[in-house]
Amino acid sequence: MGLGYIGLPTAIVAADNGINVIGVDINPHVVETVNKGQIHIVEPGLQEFCSRVIAKGTLKAQTVPEESDVYLIVVPTPFTGNHEPDISYVEAATRSVLPYLKEGDLYIIESTSPVGTTDKMANLIFSGRPELKDKLYIAYCPERVLPGNVIYELVHNDRVIGGINEISTERAVAFYSRFVKGALHRTNARTAELCKLTENSSRDVQIAFANELSLICDKAGINVWELIALANKHPRVNILQPGSGVGGHCIAVDPYFITADFPMESRLIGKAREVNNYKAFWCAEKTQSAIKQFELEHGREPVVALMGLAFKPNIDDLRESPAKYIATKVMQGHNNSDFLIVEPNLSEHKVFKLTDYKEAYEKADIVVFLVAHDPFKTLPWREDKVILDFCGIFKKN
Ligand code: SAJ
């Protein structure tokens with residue numbers, strides 16, 4: 001249920017391992033595309049893989065479910081304006097499979113979910129189909145793949161699998177062992193749910209530490225990249241890299257699933273979210289003051305190059321991107337023609353007019369590096385430009 005960034009690759013990999021997969025998505029365009037052997041998401045290598053399993057006949061897509069033996073729920077769990085998790089898609093997908101469930105079926109949630117969601121869905125299922133009470137296997141198994149490396153990681157990463165009882169865990173382990181080569185770790189549903197949230201919150205907290213150091217270093221006149229490289233020479237220290245903030249649909253979102261339910265206990269996790277959000281705001285402020293400074297010194301508005309829009313290096317995904325937020329914020333109240341927007345992984349964008357990265361670097365008075373895309377690292381350091389390097393393109397300078 002759900003043929004998105006995780007559901008589609010999972011369906012394809014399972015289908016390639018001899019499992020007959022019915023990929024269900026409420027979006028008819030997605031269904032049509034997949035049935036043609038094509039994909040609607042950007043993921044290296046997935047296109048060829050999809051056309052292979054469609055040709056083999058082990059994967060077919062449709063907009064409604066049908067009777068199956070295993071049901072995987074892989075739909076989005078966004079958050080609301082108040083940073084509260086929204087599990088309505090999980091609920092809707094569960095309701096839509098209710099009529100098809102039969103004794104002995106296995107129902108698994110993969111969607112990132114707040115603690116207690118699997119129990120909640122089990123209750124929903126048993127209240128709709130009371131005759132199936134204790135006759136279904138129900139488990140939670142989060143995915144942990146890194147966008148851009150999904151096909152490899154889907155097969156090789158370890159998985160954490162937690163059932164509502166031991167027999168459910170065992171049935172889910174047996175299912176995943178058909179296409180996962182990584183180790184399958186058994187636990188209960190609530191631990192598995194919190195485990196997924198913990199992994200991404202841990203990364204968020206660690207990045208917040210690096211971002212906080214970058215603010216301290218800026219004030220102290222110390223090169224943060226050199227500082228972190230030196231501190232990491234200690235055998236038990238491993239600090240991550242600061243950047244223009246934290247984006248994407250996972251790390252900038254999942255910690256709120258903990259803070260919403262455990263506000264008093266999750267002070268550090270909540271603070272890390274604040275620090276990482278503040279870092280993007282701070283980068284925008286720094287850029288705005290560099291523009292003002294230039295105007296004072298030169299009596300004209302500068303040409304500003306904003307380098308990168310994606311949420312992380314070398315991808316074209318702009319979801320929750322701090323770079324996009326910074327670009328939007330600094331351009332407010334200015335003449336758009338003074339800004340050269342660069343995103344080498346996109347050929348066009350509906351809001352931003354894009355410029356080639358070399359041309360923008362050449363023309364700009366102020367160059368703001370927002371994302372550490374590989375091509376930017378080939379540019380030479382220029383003394384004649386104001387360079388705001390928020391992501392360590394020129395670590396030595
Ligand atoms: N970032 C930094 N500094 C760093 C590392 C990352 O600022 O040192 C920033 C990135 O620029 C980006 C954000 O963090 O804005 C997130 O990028 P990421 O590469 O850390 O993670 P995602 O969001 O692409 O994928 C994460 C992964 N989780 C972990 O590494 C714990 C992935 O394994 C998960 O499957 C995925 O979230 C998910 O779907 O939850």
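Residues numbered from 1 in each chain as written. Predicted model: local features only at pLDDT ≥ 70, side-chain atom pairs only at ≥ 80, totals over all residues. Heavy atoms only, no water.

Colleague: Sorry, what's going on with the nonpolar core here?
Modeller: Note on soluble globular proteins: their nonpolar side chains tend to be buried together. Counting residues in each nonpolar core, the largest one holds 41 residues, and the members touching the most others are Val 34, Leu 59 and Tyr 176. Looking at this core, the elements with two or more residues in it are helix H1 (7-16), helix H2 (28-35), helix H3 (46-56), strand S2 (59-62), strand S4 (106-109), strand S5 (137-140), helix H6 (150-156) and helix H7 (166-176). Top element by residues in this core is H1. It accounts for six residues. Aside from chain neighbours lying at most four places away, what touches Tyr 176 is Leu 72, Ile 108, Glu 110, Cys 141, Arg 159, Ile 161 and Leu 184. The next biggest cluster of nonpolar side chains, apart from the first, holds 29 residues, and it includes Leu 215, Val 304, Phe 311 and Leu 370. (Core = buried A, V, L, I, M, F, W, Y, C linked by side-chain atoms within 4.5 Å. Buried < 20%, exposed > 50% of the residue type's maximum accessible area, 1.4 Å probe, protein only. Helix = DSSP H or I, 4+ residues; strand = E, 2+ residues; numbered from the N terminus. Contact = heavy atoms within 4.5 Å.)

Colleague: What is the right way to look at the site of the ligand in this model?
Modeller: Residues in close proximity to the ligand total 20 residues, the closest being Val 145, Lys 196, Asn 200, Arg 203 and Phe 311. Take Val 145: an N or O atom from its main chain is 2.6 Å from an oxygen atom of the ligand. Expressed as a share of its isolated accessible area of 770 Å², the protein-covered part of the ligand is 85%. Both domains that meet at the shell around the ligand, namely domain 1 (7-189) and domain 2 (213-389), each give it at least three residues. (Near = heavy atom within 4 Å. Polar contact = N/O pair within 3.5 Å; in protein donor to acceptor, adjacent residues only side chain to side chain. Areas by Shrake-Rupley, 256 points an atom, 1.4 Å probe, with all protein chains shown as cover. Domains from an automatic or database assignment.)

Colleague: Looking at this structure, I do not really get helix H12 (residues 322-331). What am I missing?
Modeller: Every α-helical turn comprises 3.6 residues, leaving residues that sit three or four positions apart pointing alike. Among all positions in H12, only Pro 322, Ala 323, Ile 326, Ala 327, Val 330 and Met 331 are buried. For H12, the angular spread of buried residues about the axis comes to 155°, placing them on one side. As for H12, its buried residues are in contact with helix H11 (267-298), strand S8 (304-307) and strand S9 (339-342). Looking at where H12 begins, the residue whose side-chain oxygen comes 3.2 Å from the main-chain nitrogen of Ala 323 is Ser 321. Once H12 finishes, Gly 333 follows within two positions and takes phi at roughly 75°, a positive value. (Arc of directions from axis to C-beta.)

Colleague: Please clarify how the domain arrangement of the chain should be interpreted in this entry.
Modeller: Much of the literature gives interface size as the accessible area that the parts lose upon coming together. Taken domain by domain, the chain consists of domain 1 (7-189) and domain 2 (213-389). One C-alpha centre belongs to domain 1, the other to domain 2, and the line joining them spans 35 Å. Taken over both partners, the interface formed by domain 1 and domain 2 buries close to 1,000 Å², and the fraction arising from carbon and sulfur atoms is 71%. The largest per-residue losses of area from domain 1 upon contact with domain 2 belong to Phe 79, His 83 and Pro 147, which jointly make up 44% of the total buried on that side. Joining domain 1 to domain 2, the criterion identifies zero residue pairs in polar contact (both at pLDDT 80 or more). Classifying every residue of the side of domain 1 that touches domain 2 gives eight nonpolar, four polar and one charged. (Buried area = accessible area lost by both parts, 1.4 Å probe. Nonpolar A, V, L, I, M, F, W, Y, C, P; charged D, E, K, R; others polar.)

Colleague: What is the right way to read the pattern of salt bridges from this model?
Modeller: Oppositely charged side chains may form a pair once their charged atoms are brought near each other. In total, this model carries 20 salt bridges according to the counting rule given. The partner of Lys 102 in a salt bridge is Asp 105, with the nearest N and O atoms 2.8 Å apart. Here Lys 102 falls in the partly exposed class, since its relative accessible area comes to 26%. Note that Arg 129 and Glu 131 form a salt bridge whose closest N and O atoms lie 2.8 Å from each other. Among the residues examined, Arg 129 registers a relative accessible area of 17% and is labelled buried. A relative accessible area of 45% places Glu 131 in the partly exposed class. Linked by salt bridges that have partners in common, Asp 16, Arg 52 and Lys 56 make up one network. (Salt bridge = Lys/Arg side-chain N within 4 Å of Asp/Glu carboxyl O.)

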